[in-house]
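# Working through the structure, step by step
These are the residues of each chain, in order.
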Amino acid sequence: MTLRPRRLRKSESIRRLVREIQLTVDDLIYPLFVMEGEQQKVEVPSMPGCYRYSLDELLKEIEDAQAVGIGAIALFPLIPDHQKDAQATESLNPEGLIPKTVKAIKQAFPDLVVITDVALDPYSSLGHDGLVDEQGRILNDPTVEILAKMALIQAEAGADWVAPSDMMDGRVGAIRKVLDASGHWKVSILAYSAKYASAYYGPFRDALESAPRFGDKKTYQMDSANALEALKEVNLDIAEGADIVMVKPALAYMDIIHRIRTSTHLPVAAYNVSGEYAMIKAAAQKGWIDEKAIMLETLTSLKRAGANLILTYFAKEAALLLRNS
Ligand code: PBG
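Bear in mind the structure is a predicted one, so any value in this text is a computation, not a measurement. (Residues numbered from 1 in each chain as written. Predicted model: local features only at pLDDT ≥ 70, side-chain atom pairs only at ≥ 80, totals over all residues. Heavy atoms only, no water.)

## With respect to the overall build of the protein chain
Quick note on the threshold: We count a stretch as a helix when DSSP gives it H or I for four or more residues in a row; a strand needs E for two or more, and each element gets its number in order from the N terminus. Radius of gyration: over C-alpha atoms. The globule rule applied is 2.2 Å multiplied by the number of residues raised to the 0.38 power. Each residue's exposure class comes from its accessible area (1.4 Å probe, protein chains only) as a fraction of the maximum for that residue type: buried when under 20%, exposed when over 50%, partly exposed otherwise. Pairs of residues are marked as contacts when any of their non-hydrogen atoms sit within 4.5 Å. Only the protein chains shown count as covering a residue, and every accessible area follows the Shrake-Rupley method with a 1.4 Å probe. We score Asp and Glu as negative and Lys and Arg as positive, and we do not count His or the chain ends. Every charge is mapped onto a representative atom, which is NZ of Lys, CZ of Arg, CG of Asp or CD of Glu.
Within the protein chain, the secondary structure is distributed over 11 helices and 12 strands. Taken against the 2.2 N^0.38 rule, which gives 20 Å for 325 residues, the C-alpha radius of gyration of the protein chain at 20 Å falls within 12% of a compact globule. Overall size of the protein chain, expressed as C-alpha extent along the three principal axes, is 70 × 45 × 40 Å. Each of the 325 residues in the protein chain was classed as buried or not, and the buried ones make up 53%. Taking contacts inside the protein chain between residues at least 6 apart in sequence as the whole, the part at least 24 apart equals 74%. Approximately 15100 Å² of the protein chain is accessible, and the part contributed by carbon and sulfur atoms is 52%. For the protein chain, the distance from the average site of its 37 positive side-chain charges to the average site of its 44 negative ones is 10 Å.

## Regarding the pattern of salt bridges
Any two side chains of opposite charge can pair, on the condition that their charged atoms come close. Stated precisely, the cut-off is as follows: Here, a salt bridge means any Lys or Arg side-chain nitrogen found within 4 Å of an Asp or Glu carboxyl oxygen.
Under the counting rule described, the total for this entry stands at 16 salt bridges. The salt bridge partner of Asp 121 is Lys 217, with a shortest N-O separation of 3.3 Å. On the criterion of sequence distance, the pair formed by Asp 121 in the loop between strand E5 (113-118) and strand E6 (131-132) and Lys 217 in the loop between helix H6 (202-208) and helix H7 (228-240) is long-range, its members being 96 residues apart. For the pair shown, Asp 121 and Lys 217 are each scored as buried. The salt bridge involving Asp 180 is made with Arg 176; its shortest N-O contact spans 3.0 Å.

## Things to note about the packing of helix H9 (residues 274-285) against helix H10 (residues 291-305)
Keep this limit in mind: Only the stretch in contact is used when fitting a helix axis, every axis being a line fitted to C-alpha atoms; angles between N-to-C directions are given from 0 to 180 degrees. Should an angle fall under 35 degrees it is taken as roughly parallel, and over 145 as roughly antiparallel, whereas 65 to 115 is taken as roughly perpendicular and any remaining angle as oblique. In this scheme the crossing of two helices becomes right-handed for a clockwise turn of the near helix relative to the far one and left-handed for an anticlockwise turn of less than a right angle.
Between H9 and H10, the least distance of the axes is 10 Å, while the angle of their chain directions is 160°. Considered as vectors, H9 and H10 are oriented roughly antiparallel to each other. Between H9 and H10 lies a crossing whose hand is right-handed. Contact residues: Ile 280, Lys 281 and Ala 284 in H9; Glu 291, Ile 294 and Thr 298 in H10.

## Regarding the environment of Gln 22
Mapped onto the elements, Gln 22 comes out in the loop between helix H1 (12-18) and strand E1 (28-35). Considering only alpha carbons, one finds Gln 22 and Thr 300, 278 residues apart in sequence, at a separation of 7.3 Å. Apart from residues no more than four positions distant in its own chain, Gln 22 is found in contact with Asp 27 and Lys 303.

## Thoughts on the environment of Ile 257
Mapping Ile 257 onto the fold places it in helix H8 (residues 254-263). Residues Ile 257 and Val 245, spaced 12 residues apart in sequence, show a C-alpha to C-alpha distance of 9.9 Å. Leaving out residues up to four positions away in the same chain, Ile 257 has contacts with Val 247, Ala 250, Ala 270, Leu 302, Ala 305, Gly 306 and Ala 307.

## Here we look at helix H3 (residues 97-108)
Quick reminder of the rule: Expected span of a helix: the number of residues minus one, times 1.5 Å.
The terminal C-alpha atoms of H3 lie 17 Å apart, and with 12 residues this matches the ideal 16 Å at 1.5 Å per residue to within 8%. Residues of H3 that are buried include every one of Leu 97, Ile 98, Pro 99, Thr 101, Val 102, Ala 104, Ile 105 and Lys 106, and no others. Among the structural elements, E1, helix H2 (55-67), strand E4 (72-77), E5 and helix H4 (140-157) are those in contact with the buried residues of H3.

## Notes on the site of the ligand
We count it as follows: Definition of nearness: a residue and a molecule or strand are near each other if at least one heavy atom of the residue lies within 4 Å of the molecule or strand. The term polar contact refers here to a pair of N or O atoms within 3.5 Å; inside protein, the definition further demands a hydrogen-donor-capable atom paired with an acceptor-capable atom, and it admits residues adjacent in sequence only when both atoms are side-chain atoms. Each residue is assigned to one of three groups, with Ala, Val, Leu, Ile, Met, Phe, Trp, Tyr, Cys and Pro labelled nonpolar, Asp, Glu, Lys and Arg labelled charged, and all others, Gly among them, labelled polar.
Surrounding the ligand, one finds 18 residues, the nearest of these being Lys 195, Arg 205, Lys 248, Ser 274 and Tyr 313. Contact between the ligand and Asp 129: a nitrogen atom at 2.8 Å from a side-chain N or O atom of the residue. Computed on the free molecule, the ligand has an accessible area of 410 Å², of which 100% lies beneath the protein chains in the complex. Residue composition of the shell around the ligand, grouped by class: 8 nonpolar, 3 polar and 7 charged.

## Looking at the packing of H2 against H3
Between H2 and H3, the least distance of the axes is 11 Å, while the angle of their chain directions is 40°. Between H2 and H3, the angle falls in the class oblique. The crossing of H2 and H3 is right-handed. Contacts between H2 and H3 involve Leu 55, Leu 58, Leu 59 and Ile 62 from the first element and Thr 101, Ala 104, Ile 105 and Ala 108 from the second. When its residues are assigned to classes, the contact of H2 with H3 shows 7 nonpolar, 1 polar and no charged.

## Considering H4
Its 18 residues give H4 an end-to-end C-alpha distance of 26 Å, which sits within 8% of 26 Å, the value for a rise of 1.5 Å per residue. Extensive coverage of H4 is indicated by the burial of 13 of its 18 residues. Phi turns positive one or two residues past the end of H4, at Gly 158, with a value near 120°.

## Observations concerning a positive patch on the surface
Keep this limit in mind: Surface patches are drawn from residues lacking salt bridges whose relative accessible area is over 30%; two like charges belong together within 9 Å, two nonpolar side chains (Val, Leu, Ile, Met, Phe, Trp, Tyr) within 5 Å.
Where like charges cluster on the molecular surface, the positive patch consists of Arg 4, Arg 6, Arg 7 and Arg 9. Here Arg 4 shows up in the segment before H1.

Right, here's the structure in full:
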């Protein structure tokens, strides 16, 4: 036998030399949940190790994350029921939870990249990402107007990147236009371009108490059977001014990550979502898997598939492991 691939796997030193990619802390974005109050750190039952933080506690968590090298966070708000309504009015409050939180974070950590979510669901009493008419249909264009205003409020509070996760048509272009018209040309758009209607978001909706109160999200989020449609969505978002395109969820959509990576020149992000996190945590709690090894294997595989940025609830834990390895 002359061809022996095992020669290059003989020792760890050789494996390190021929390794094709390397997961690093620079790839990771840490999603965090924020709530009103003080000294609050409430664990999400379906996401062990993930908490909803009041601002003071959130700042401590960010400090810890920065200490292990994390350079970016994505913020999601838990809005109390009494502040939710069918119009998602609270999403346009310039003194609301997210603008207030962004200002405080940027003041304390000016170099941290702060990413805000643009969608109505955490603010909507109906739990949908858009406005809803009497027949229960999700209204596209009136929603886009609100989303553009919401993005502007977030930019004014100091967000570095705004991330529309709503899947309405035309929102990236509308947001870019409003941001540019108000001088916020430095604010980037991280577009949830290929966002699928997925059962993997369940634990996230527990965290934010944001599950749809009726129906599902299949008229706006994508059908899990479709791949070409993801390319269509990505092309539209790029034409409308997206700076980074994202695939979500990640693990069940690795082919999509790969196809988008090979078909565009923009950075590609993958969102390792709440259900993906919960499955690993649950199996680990049962003692059925090696949590640390599976975490790093999963994140490495997403990078290998083509993700340049990875949003993951494991960010802090992974950063710690990477630093010690
Ligand atoms: C809101 C939003 C969702 C997630 C991120 N932004 C939920 C949804 O669309 O229903 C899911 C994130 C996760 O599951 O980790 N538009």
